[in-house]
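Close look at the chain arrangement
Each chain is listed here by its residues.
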Amino acid sequence: MHFLTKSALLLFFIANLVGCDSQPKEQNTQSRIVDESLCQFSQGKCEQNVHNLEVSLLINPVFTPSEKPLDIALNFSKPVKDAQIRIEGRDMFMGIIPVNLTTKDDKAYTGSAIYGSCSSDYMVWRAIVTFSLDEQTKTVYFDFLADNH
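Report follows, based on the coordinates. (Residues numbered from 1 in each chain as written. Predicted model: local features only at pLDDT ≥ 70, side-chain atom pairs only at ≥ 80, totals over all residues. Heavy atoms only, no water.)

Our next topic: the overall build of the protein chain. If you tally the helices and strands in the protein chain, you get one helix and nine strands. Sequence-ordered secondary structure for the protein chain, helices as α and strands as β, is α-β-β-β-β-β-β-β-β-β. Per-residue burial over the protein chain gives 33% buried out of 149 residues. Taking contacts inside the protein chain between residues at least 6 apart in sequence as the whole, the part at least 24 apart equals 57%. On the protein chain, roughly 10,300 Å² of surface is accessible, and the fraction owed to carbon and sulfur atoms is 52%. (Helix = DSSP H or I, 4+ residues; strand = E, 2+ residues; numbered from the N terminus. Buried < 20%, exposed > 50% of the residue type's maximum accessible area, 1.4 Å probe, protein only. Contact = heavy atoms within 4.5 Å. Areas by Shrake-Rupley, 256 points an atom, 1.4 Å probe, with all protein chains shown as cover.)

What follows is the structure, given as structure tokens:
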């Protein structure tokens, strides 16, 4: 009797495993909802206005891939001092990624960065830009989706 119970349980588990494999996987028919608050670099630079100063950010490749070099262009409508940028996870801590910027005119800055991948298929990063304008420190945020194909 003990042998029959074990055999029955084994057959039950095998049947369920085969049943799981033979079932068609449900297709996700909904398209991903686009969060309009996120930068869409494929459509061009992302812009913010701070105290009548336009600040724009553009990242290439525009789909902002994880674990790949990113070229960063940060532009201001008039010269600023001490411009800095760092990248952090918006919704989860993924470390702090500083970006070394270079400039020739205190209006156009360039740099590069690499950030890691996330096990989730939806990772929002935040570029935190600080700068000095009229001897006051200002901050602006740019949120964007990693691996945004």
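On we go from here.
For the structure on display, the rule yields six salt bridges. The shortest N-O distance in the salt bridge between Arg90 and Asp143 comes to 3.9 Å. Remark: Asp143 occurs in strand 9 (residues 136–145) and Arg90 occurs in the loop between strand 4 (81–89) and strand 5 (96–99); sequence separation between them is 53 residues. Judged by relative accessible area, Arg90 falls into the partly exposed class, the value being 27%. (Salt bridge = Lys/Arg side-chain N within 4 Å of Asp/Glu carboxyl O.)

Time to look at the side chain of Ser56. Relative to the helices and strands, Ser56 is located in strand 2 (residues 53–60). Setting aside anything within four residues of it in sequence, one finds Ser56 in contact with Lys45, Cys46, Glu47, Ala73, Leu74, Asn75 and Phe142.

This part takes up the packing of aromatic side chains. The tally for this structure, following the rule as stated, stands at five aromatic pairs. Through pairs of rings, three or more aromatic residues link up here, namely Phe41, Tyr115, Trp125 and Phe144. The ring of Tyr141 has Arg126 lying over it, and the distance from NZ or CZ to the ring centre is 4.7 Å. (Phe/Tyr/Trp six-rings, centres within 6.5 Å; stacked < 30°, edge-to-face > 60°. Lys NZ or Arg CZ within 6 Å of the ring centre and 35° of its normal.)

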